[in-house]
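Structure at a glance
Here's the letter readout for the chains.
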Amino acid sequence: MHQQPVNARPWGFRQKDVELAYFFLRLIFGVNFFNHGFTRIGNIGGFANSMVDMFKDAAVPAELVRVVGAIVPPLELIIGILLIVGFATRGALIAGFVLMMILQGGVLIVGQLDSAVSQLIYCIIFFLLLATVGFNTISLDTKFRRQRHPTSEI
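Residues numbered from 1 in each chain as written. Predicted model: local features only at pLDDT ≥ 70, side-chain atom pairs only at ≥ 80, totals over all residues. Heavy atoms only, no water.

This next bit is on the layout of surface pockets. Estimates place the volume of the largest pocket at around 520 Å³. As for the largest pocket, its lining consists of 25 residues, of which Phe47, Met51, Leu103, Val107 and Gln119 are closest to the centre. Those elements that place two or more of their residues in the lining of the largest pocket are helix H1 (15-41), helix H2 (44-54), helix H3 (62-85), helix H4 (89-109) and helix H5 (113-131). Of all the elements, H4 adds the most residues to the lining of the largest pocket, at 6 residues. Grouping the constituent residues of the lining of the largest pocket by class yields 16 nonpolar, 7 polar and 2 charged. (1 Å grid on protein atoms, 1.4 Å probe; cavity = no way out; pocket = protein on both sides within 12 Å on 5 of 7 lines; lining within 4 Å. Points joined across faces, edges and corners; volume = space filled by probe spheres on them. Helix = DSSP H or I, 4+ residues; strand = E, 2+ residues; numbered from the N terminus. Nonpolar A, V, L, I, M, F, W, Y, C, P; charged D, E, K, R; others polar.)

Next up, the structure:
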C-alpha cells in the first residue's frame, strides 16, 4: 500500500490558496445573503404578506407562513454579516443551511421548481463552506482564537 509523504498536498492544492479561496467564497456568499436581508428588512411586513399570498393555495397555515416570512430577512442579514466578517462562521453556516431547508421545502410545496434549483445551488455552497470550515483562517474567528490561545497552532 502506497502512503503519501507527510508534506504532500491533497489534490495538489496549496494550503494558503485554499484558505484564500475559502475567504473569497465566504465573503461573496455573505455579501449575497446580506443583500437579500438588507433589501427586505425595511419592509418585513410586505415580504411576509407576499409569502402568504404565494402560499394561499397550499395546505400551510397563513400564520406559520407569515412568521417564517418575518424571520427570513433578519436571519439573512445576520447570517450575511457573520459570513462577511468570518465570526461564528460554523454557526452561521448551520443556521443558513437550516434556513435554506425551510425555504426549499416551501418552494417545493408551491411548485416553484426554478426557485428550488436556485436554492439547491445555495445549499451546495453552504455544504462546501461548512465541510471545509477548517480553511476559514482569514476571519475574525481565527483572530479571536489566536488572542485566546497565542501559543497554540491554529
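There's plenty left to go through after this.
Moving on, we get to the packing of aromatic side chains. Counting across every chain of the model gives 9 aromatic pairs. Aromatic side chains Phe29 and Tyr122 sit 5.6 Å apart centroid to centroid with 45° between the ring planes, which places their arrangement in the tilted category. Residue Phe29 is found in helix H1, and its partner Tyr122 is found in helix H5; the two are separated by 93 residues along the sequence. Per residue, the accessibility class of Phe29 equals that of Tyr122, and both read buried. (Phe/Tyr/Trp six-rings, centres within 6.5 Å; stacked < 30°, edge-to-face > 60°. Buried < 20%, exposed > 50% of the residue type's maximum accessible area, 1.4 Å probe, protein only.)

Here we take up H2. Considered for burial, the residues of H2 that qualify are Phe47, Ala48, Met51 and Val52. Down the axis, H2 shows its buried residues gathered within 145° of arc, on one side only. Buried positions along H2 lie against H1 and H3. (Arc of directions from axis to C-beta. Contact = heavy atoms within 4.5 Å.)

Two elements in contact, H1 and H3, have axes whose closest approach is 7 Å; the angle formed by their N-to-C orientations is 150°. Regarding the angle of H1 to H3, the classification is roughly antiparallel. As H1 runs across H3, the sense of the crossing is left-handed. Residues Arg26, Leu27, Phe29, Gly30, Val31, Phe33, Phe34, His36, Gly37, Phe38, Arg40 and Ile41 of H1 touch H3, and the partners they reach there are Val72, Pro73, Pro74, Glu76, Leu77, Ile79, Gly80, Ile81, Leu83, Ile84 and Val85. The residue inventory of the contact of H1 with H3, partitioned by class, reads 16 nonpolar, 4 polar and 3 charged. (Axes fitted to C-alpha atoms, helices over the stretch in contact; angles between N-to-C directions. Parallel < 35°, antiparallel > 145°, perpendicular 65-115°, else oblique. Left-handed = near helix turned anticlockwise from the far one by under 90°.)

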